[in-house]
Amino acid sequence: MQKSLRDQKNMSLKKLLDKDKIPKHIAIIMDGNGRWAKSKGMPRVFGHKEGVKTVKEITEVTAKLGVKYLTLYAFSTENWKRPAYEVNALMSLLVNTIDKEMETLMKNNIKLEAIGNIEELPSKSYKSLLKGIEKTKDNDRMTLVLALNYSGRWDVLNAAKSIMKDNFQGDIDEKIFKSYLSTAAYPDPELLIRTSGEIRLSNFLLWESAYSELYFTEINWPSFKEESLYEAIYEYQNRERRFGKISEQLKK
Ligand code: FPP
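Residues numbered from 1 in each chain as written. Predicted model: local features only at pLDDT ≥ 70, side-chain atom pairs only at ≥ 80, totals over all residues. Heavy atoms only, no water.

J.: I keep staring at unusual backbone geometry and nothing clicks. Help me out?
T.: Of all residues except glycine, most have a negative phi; of all peptide bonds, most are trans. Although it is not a glycine, Asn203 sits at a positive phi angle of roughly 70 degrees. Its place among the elements puts Asn203 in the loop between strand S5 (191-194) and strand S6 (213-216). The backbone of Leu205 sits at a positive phi, close to 40 degrees, despite the residue not being glycine. (Helix = DSSP H or I, 4+ residues; strand = E, 2+ residues; numbered from the N terminus.)

J.: Even after reading the chapter, I still don't get the site of the ligand, so can you show me in this structure?
T.: For the ligand, the set of nearby residues contains 17 residues, the closest of which are Met30, Asp31, Arg35, Arg44 and Arg82. Within the backbone of Gly32, a nitrogen or oxygen atom sits 3.3 Å from an oxygen atom of the ligand. Arg44 has a polar side-chain atom sitting 2.9 Å from an oxygen atom of the ligand. Burial of the ligand by the protein amounts to 92% of the accessible area it has alone, namely 620 Å². Broken down by secondary-structure element, the contributors of at least two residues to the shell around the ligand are helix H2 (33-39), helix H3 (44-65) and helix H4 (84-107). The element best represented in the shell around the ligand is H3, accounting for four residues. Its residues assigned to classes, the shell around the ligand comprises six nonpolar, seven polar and four charged. (Near = heavy atom within 4 Å. Polar contact = N/O pair within 3.5 Å; in protein donor to acceptor, adjacent residues only side chain to side chain. Areas by Shrake-Rupley, 256 points an atom, 1.4 Å probe, with all protein chains shown as cover. Nonpolar A, V, L, I, M, F, W, Y, C, P; charged D, E, K, R; others polar.)

J.: Can you walk me through the side chain of Ser151 in this structure?
T.: Take Ser151: it is sitting in the loop between strand S4 (142-150) and helix H6 (152-165). Overall, Ser151 belongs to the buried group, its relative accessible area being 3%. A distance of 3.5 Å separates polar atoms of two side chains, one belonging to Ser151 and the other to Thr77. Here Ser151 is in contact with Tyr73, Thr77, Glu78 and Asn203, once residues within four sequence places are set aside. (Buried < 20%, exposed > 50% of the residue type's maximum accessible area, 1.4 Å probe, protein only. Contact = heavy atoms within 4.5 Å.)

J.: It is not clear to me how the environment of Ser179 should be interpreted in this structure. Could you clarify?
T.: Looking at the element boundaries, Ser179 is found in helix H7 (residues 174-179). On the accessibility criterion, Ser179 (47% relative accessible area) is partly exposed. Sequence separation between Ser179 and Glu227 is 48 residues; the distance between their C-alpha atoms is 35 Å.

J.: What should I look at first to understand the pattern of salt bridges in this one?
T.: A pair can form between side chains of opposite charge whenever their charged atoms are brought close. Using the criterion set out here, one finds 12 salt bridges in the structure. The residue Asp188 makes a salt bridge to Lys178 at a minimum N-O spacing of 2.8 Å. Of this pair, Asp188 sits in the loop between H7 and S5 while Lys178 sits in helix H7, and the two are 10 residues apart along the sequence. We classify Asp188 as partly exposed; its relative accessible area is 35%. Between Glu213 and Arg239 there is a salt bridge; the shortest N-O distance is 3.0 Å. Here Glu213, found in strand S6, pairs with Arg239, found in the loop between helix H8 (226-237) and helix H9 (247-251); they are 26 residues apart in sequence, far enough to count as distant. In this structure Arg239 comes out as partly exposed when scored by relative accessible area, which is 25%. Through salt bridges with shared partners, a single network forms among Asp31, Arg35, Arg194, Glu198 and Arg200. (Salt bridge = Lys/Arg side-chain N within 4 Å of Asp/Glu carboxyl O.)

Remember that the coordinates give geometry; whether it matters functionally is a separate question.
This is the structure in structure tokens:
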């Protein structure tokens, strides 16, 4: 991969992507906003504002590539532990962004959805989110899923509780269990990206990422641009996905 990348230095990686192997679902842990801002001598919230620009760029680029689902980890159940002013800033950013970008989502035929315990978001954020979800519900080019007040363990626990509440009879298999998760309507992500050099899942899509290709980059989220995404997809396309089998079995 490195050789080819170096050889094609002056060419956008987009041209090297196999159009038939674009992941259907990409999930991203958008990390490093705070560090990006700090490196510029700016407050953390400035990093989140710049992060929103990346959200816009990557949403448009993924839709153009033909990705069907883009899931972004925007606020975890653990993020409430941050200083109140930062939590408030993130919640306001969410409202402002949804309100401001509604037209772009409509124009690009993108459906907005959310996973997580969204009812517990501040009421302004919750209402604006519901409004965005309602307004875009018939769009079908790509679904942008915001993980908000989300954690993988929360979702798995919730699923288990719902199964018990339903007084489910019979054998529970993976398909049935998945149908109780907040991600039931989405295929598992083939590619999961985390920016900023941290190498962990931080409670994101724990069930769904069982066979995802994990891609970690040192780039902080505000600096993660179109080309960075092509690079991630290029690497994904050049990995061998064996799902427990051996190489030779895949070639048959
Ligand atoms: C991680 O950076 C980022 C977040 C916890 C929030 C991401 C939110 C946005 C990009 C803005 C709002 C999103 C939408 C969809 C409107 P960090 O703060 O953990 O950075 P650090 O690790 O450098 O401190």
